[in-house]
Amino acid sequence: MESTTQSPIYWALLTHEDWTLHIAATSRGICYVGSQAQPFAELADWASRRFKDRLLIRDEDKIQPFIVELTEYLRGIRKSFTVPFDFHGTPFQLAVWNALCSIPYGQTKSYSDIATQIERPASVRAVGAAIGANPVLITVPCHRVIGKNGALTGYRGGIPMKTKLLQLESGNI
């Protein structure tokens, strides 16, 4: 666990049309994008588990570059992100999250596609668990992963949020 000698985690609330998302970043990059319309407690609980004793400081100025890119995405004018990331996980989780970042805008892959891509084809369930632990929704596009039969499956932000993001990317919103 990291201590209070570490830099704080800065956060802000992104609001755009009917979207409301808590966003957090360290001095190194975005580390958290919350679920749609969830209270601050979701962010606070996550931060207390992942970054014990780190201060959470509301600072819209420090979060502004991330808000700009996410808002552009939600407006349908940004298809990829250029902001730096600061996410922490096991080597397996990081491999999965990096594979998610390679899924092109408007396309989907199955959990087994991701398992094969990271050269762990028998690890489909573990891939699902790693995707479920993704702290940076939207920017690490776990919403682009669907069941092998094409069904929408679990999503930390909820199936309605996943559906809305996939509709946005298909131009159906």
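Here is a short report on the structure shown in this document. (Residues numbered from 1 in each chain as written. Predicted model: local features only at pLDDT ≥ 70, side-chain atom pairs only at ≥ 80, totals over all residues. Heavy atoms only, no water.)

### Structural notes on the packing of aromatic side chains
Thought 1: Across all of its chains, the model carries seven aromatic pairs by this definition.
Thought 2: Aromatic side chains Trp11 and Phe40 sit 4.5 Å apart centroid to centroid with 45 degrees between the ring planes, which places their arrangement in the tilted category. In this pair, Trp11 is assigned in strand S1 (residues 9-16) and Phe40 in helix H1 (residues 40-50), connecting sequence segments 29 residues apart.
Thought 3: Ring centres of Phe85 and Phe87 lie 5.5 Å apart, and the angle between their planes is 50 degrees; this geometry places the pair in the tilted category.
Thought 4: Here a set of aromatic residues connected by ring pairs shows up, and it is made of Tyr32, Trp46 and Phe51.
Thought 5: Note that Lys62 overlies the ring of Tyr10, its terminal NZ or CZ placed 5.1 Å from the centroid.
Thought 6: Over the aromatic face of Trp19 sits the side chain of Lys164, whose NZ or CZ is 4.6 Å from the ring centroid. (Phe/Tyr/Trp six-rings, centres within 6.5 Å; stacked < 30°, edge-to-face > 60°. Helix = DSSP H or I, 4+ residues; strand = E, 2+ residues; numbered from the N terminus. Lys NZ or Arg CZ within 6 Å of the ring centre and 35° of its normal.)

### Focus on the side chain of His16
Thought 1: Residue placement: His16 occurs in strand S1.
Thought 2: According to the relative accessible area criterion, His16 is buried, its value standing at 12%.
Thought 3: Leaving out residues up to four positions away in the same chain, His16 has contacts with Thr71, Leu74 and Arg75. (Buried < 20%, exposed > 50% of the residue type's maximum accessible area, 1.4 Å probe, protein only. Contact = heavy atoms within 4.5 Å.)

### Quick look at the side chain of Thr71
Thought 1: Here Thr71 is to be found in helix H2 (residues 60-74).
Thought 2: At 2.8 Å, the side chain of Thr71 and the backbone oxygen of Ile67 are in polar contact.
Thought 3: Each residue touching Thr71, except ones within four places of it in the same chain, is listed here: Leu14 and His16. (Polar contact = N/O pair within 3.5 Å; in protein donor to acceptor, adjacent residues only side chain to side chain.)

### Observations concerning helix H3 (residues 91-101)
An α-helical turn contains 3.6 residues, so any two residues separated by three or four positions project in the same direction.
Thought 1: Within H3, burial applies to Phe92, Gln93, Val96, Trp97, Ala99 and Leu100. Buried residues of H3, viewed axially, fall in a sector of 155 degrees; they line one side.
Thought 2: Elements in contact with the buried residues of H3: helix H4 (111-117), helix H5 (124-132) and strand S6 (145-146). (Arc of directions from axis to C-beta.)

### Brief notes about the pairing of S1
Thought 1: Burial within S1 is extensive, with six of its eight residues counted as buried.
Thought 2: Inspection of the sheet shows S1 paired to strand S4 (residues 56-58) by three bridges, in the parallel sense. The partner of Trp11 across the bridge, within S4, is Arg58.
Thought 3: As paired strands, S1 and strand S2 (residues 19-26) are joined by seven bridges and run antiparallel to one another. Across the sheet, Tyr10 pairs through a bridge with Ala25, a residue of S2. (Pairing = 2+ DSSP bridges.)

### Things to note about the sheet that holds S4
Thought 1: The strand order across the open sheet formed by four strands is S3-S2-S1-S4, and the pairing between neighbours is mixed. At either end of the open sheet lies a strand with only one pairing partner, and these are strand S3 (29-33) and S4. Averaged over all pairs of adjacent strands, the angle between strand axes in this sheet comes to 35 degrees, irrespective of strand direction.
Thought 2: Pairing of S2 with S3, which is carried by four bridges, proceeds in the antiparallel orientation. Across the sheet, the residue bridging to Ile23 is Val33, located in S3. (Axes fitted to C-alpha atoms, helices over the stretch in contact; angles between N-to-C directions.)

### Side note on the environment of Glu17
Thought 1: Within the fold, Glu17 resides in the loop between S1 and S2.
Thought 2: Here the alpha-carbon distance between Glu17 and Ala41, two residues 24 residues apart in the chain, equals 22 Å.

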